[in-house]
Amino acid sequence: MSASEQLQRAMPPRLDRYELKFTVPLEMIEPISRFAATYCSLDRYSSAAPDGFYRVHNLYLDSPGLLFLRNRRHRAPNRFNMRVRAYGEAPELPYYLEVKQRVGGVVRKYRASVASADWYRVFTEPGVCVSAHGGSQQQADNLALFERLAYTYQVEPKILTQYTRKAWVSDIDSYARVTFDVNLRFTERTAWDPLPDEAMMQHYDLPEVFDPGCSVILELKCHAAAVPLWMVDLIQAFSLKRRSFSKYMFGMSELFITRGHG
């Protein structure tokens, strides 16, 4: 059975969503934000940030043979990534353990939070157990899934990505988000935590990552079954052209070049 088939069987039903990505210039953040503000409010992290932007850290995991990366590069129609996410200038607990699956054009994300900085010991020390933060059955199920996949594919830390985000959440839809990611950076990572070493962080600068003059990743997320009309209007009003973008894949590509692997 393939990795994706195992994942499909293991995961409980969850929200299916679209993730539409675009690259835009910095000067488009404000007019698009004004458009989004008609239908949305800033999320709790942006609301608490003085300028609306907050720091996001993602520690990506992969198998020793980079199975997840190879599936992404080959555009496998059914694939997934595993990562550990943290928020804040200095990443703070809880951390969020995520499995993000893509089936065709639809994305499913399964997330469990952990409140212990030693959460990773479950993978490094036999007999250690970690509980999901929050206590819900869904959190427990998602944590069990994350651990099962981690053991199955013998995952290990590969790369830490970092960026600052401004995020809007729809006030009129059950689920819709508009996010801007700027100042994208990355570094090779072998430790089991999302804590950045600022001296080692590098900026994304591959020419295929961004269109000329476009250094912002704009992302529109919504239910797969119901794309809001205002989101369609936003795309048309700003003549946005959708493009593929993977922070993990492009960061790893930069590392391969840096290390001379081509």
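These figures come from a predicted structure and were not determined experimentally.

Draft legend 1. Structural view of the side chain of Arg189. Note on placement: Arg189 falls in the loop between strand E8 (176–188) and strand E9 (202–203). Residue Arg189 is classed as buried on the basis of its relative accessible area of 14%. Of the polar contacts made by the side chain of Arg189, one reaches the side chain of Asp193; its length is 2.4 Å. Residues within four places of Arg189 in sequence aside, it is in contact with Leu59, Pro157, Lys158, Ile159, Leu160 and Leu195.

Draft legend 2. Layout of the side chain of Arg55. Mapped onto the elements, Arg55 comes out in strand E3 (residues 54–62). For Arg55, a relative accessible area of 15% puts it in the buried group. Those residues in contact with Arg55 that sit more than four places away from it in its chain are Ala86, Tyr87, Gly88, Glu89, Gln162, Tyr163, Thr164, Arg185 and Glu198.

Draft legend 3. Region of interest: the pattern of salt bridges. Following the criterion strictly, the structure yields 15 salt bridges and no others. A salt bridge links Glu30 to Lys166, with the shortest nitrogen-to-oxygen separation between them at 3.6 Å. Of this pair, Glu30 sits in helix H2 (residues 29–37) while Lys166 is found in strand E7 (residues 156–170), placing the two residues 136 residues apart along the sequence. Of the residues examined, Glu30 reaches a relative accessible area of 44% and is grouped as partly exposed. Residue Lys166 is classed as buried on the basis of its relative accessible area, which comes to 7%.

The rules behind the values
- Every chain is numbered independently, its residues counted from 1 as its sequence is written.
- This being a predicted model, a pLDDT of at least 70 is required before a residue's local features are given, and a value of 80 or more before pairs of side-chain atoms are given or counted; all residues contribute to the totals for chains, interfaces and linings.
- Here the side-chain values reflect all heavy atoms present in the structure, with hydrogen atoms and water set aside.
- The secondary structure listing takes helices from DSSP runs of H or I that are at least 4 residues long and strands from runs of E that are at least 2 residues long, numbered from the N terminus.
- Under the scheme applied here, a residue whose accessible area is under 20% of the maximum for its type counts as buried, over 50% as exposed, and between as partly exposed, the area being computed with a 1.4 Å probe on protein chains only.
- Pairs of N or O atoms within 3.5 Å make up the polar contacts considered here, provided that, within protein, one atom can donate a hydrogen while the other can accept it, and that residues adjacent in sequence are counted only when both atoms are side-chain atoms.
- Note on contacts: a residue pair is in contact if any heavy atoms of the two residues lie within 4.5 Å.
- Salt bridges are defined by distance alone: a side-chain nitrogen of Lys or Arg within 4 Å of a carboxyl oxygen of Asp or Glu.

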